[in-house]
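# Structure at a glance
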Amino acid sequence: MKRLTLLFLAVLSIVIGASAQSYTQKWNDLYKRTEYFDSYGHMIGYAKYSDLYNRMEYYDSNGNLQKTEQRNNIYDRTETKDRYGNTQSTRNYNSLYDREDIKDSYGRVIGYKKWNDLYKRYDVYNSNNTLVGYYKWSDLYNRWEYHEN
């Protein structure tokens, strides 16, 4: 009975470790959009570039607009806005630290993304400099995968 319990715990830990991936994104050439999938393969949303508004638009799986991303050349940053046009966050490159800072609507740094040469991935950190996840390119599936820690 003890062996059976240990075997069950070992299999359970392998399954939990294998499902740590949060989502994947893949380009859909037919619809000209990037689609996001959860770890079970279900589409949770998609992003599509709008030539009319010159911005990236993010939709849920039902086609409802969730947020937009647009480049602001005056302030040299990318602004993320909710579906009502309110600024949620901004992103800009910080050459001093060689990273992309993510700031809230008040200008406070809430996280950053930095390239990791050793692992060939983008590491994502929160405002406390704690690694919260990373983006890694999968050559096998030809897509970016985000893994949460």
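Please read these numbers as outputs of a predicted model, since none were measured by experiment.

With that settled, the discussion passes to the pairing of strand E7 (residues 87–94). Along any regular strand the residues' side chains alternate between the sheet's two faces. As paired strands, strand E6 (residues 77–82) and E7 are joined by 4 bridges and run antiparallel to one another. Note that in E7 the partner of Thr78 across the bridge is Arg91. Two successive antiparallel strands, E6 and E7, enclose a turn made up of 4 residues, where Gly85 displays a positive phi of approximately 95°. Pairing of E7 with strand E8 (residues 99–104) involves 6 bridges; the strand directions are antiparallel.

Moving on, we come to the layout of surface pockets. Looking at the largest pocket, its volume works out to about 810 Å³. Taken together, 29 residues make up the lining of the largest pocket; nearest its centre are Tyr23, Tyr36, Tyr58, Glu69 and Tyr135. Looking at the lining of the largest pocket, its residues break down into 16 nonpolar, 7 polar and 6 charged.

Applying the stated criterion to the full structure yields 12 salt bridges. Taking the shortest distance from any N to any O, the salt bridge between Arg91 and Glu69 comes out at 2.7 Å. With Arg91 in strand E7 and Glu69 in strand E5 (residues 65–72), this pair connects stretches of sequence that are 22 residues apart. Overall, Arg91 belongs to the partly exposed group, its relative accessible area being 21%. With its nearest N and O atoms 3.1 Å apart, the salt bridge here joins Arg143 to Glu145. Here Glu145 falls in the buried class, since its relative accessible area comes to 10%. Via salt bridges that share partners, Glu69, Arg91, Glu100 and Lys113 belong to a single interconnected network.

Here strand E4 (residues 55–60) lies mainly inside the structure; 5 of its 6 residues are buried. The sheet contact formed by strand E3 (residues 43–50) and E4 spans 6 bridges and is antiparallel. Looking at E4, one finds that Tyr46 is bridged to Tyr59. In sequence, E3 turns back onto E4 through a hairpin of 4 residues, with Asn54 there showing a positive phi of about 55°.

Rules used in this analysis
- Counting starts from 1 at the beginning of each chain's written sequence and moves along it residue by residue.
- Where totals are concerned, whole chains, interfaces and linings use all residues; where local detail is concerned, this predicted model gives features only for residues with pLDDT of at least 70, and gives and counts side-chain atom pairs only at 80 or more.
- To obtain the side-chain values, all non-hydrogen atoms of the structure were included, while hydrogens and water were left out.
- For two strands to count as paired, DSSP must find a minimum of two bridges between them.
- The numbering of helices and of strands both runs from the N terminus, where a helix is a DSSP run of H or I of at least 4 residues and a strand a run of E of at least 2.
- Only protein atoms enter the 1 Å grid, on which a cavity is a set of points fitting a 1.4 Å probe that cannot get out and a pocket is an open set with protein on both sides within 12 Å along at least 5 of 7 lines, lining residues being those with an atom within 4 Å of a point.
- Grid points are joined across faces, edges and corners, and a volume is the space filled by probe spheres set on the points.
- In this classification, the charged set is Asp, Glu, Lys and Arg, the nonpolar set is Ala, Val, Leu, Ile, Met, Phe, Trp, Tyr, Cys and Pro, and all remaining amino acids, among them Gly, are polar.
- Salt bridge criterion: a side-chain nitrogen from Lys or Arg within 4 Å of a carboxyl oxygen from Asp or Glu.
- Only protein chains enter the accessibility calculation, which uses a 1.4 Å probe; a residue whose area is less than 20% of its type maximum is buried, one above 50% is exposed, and one in between is partly exposed.

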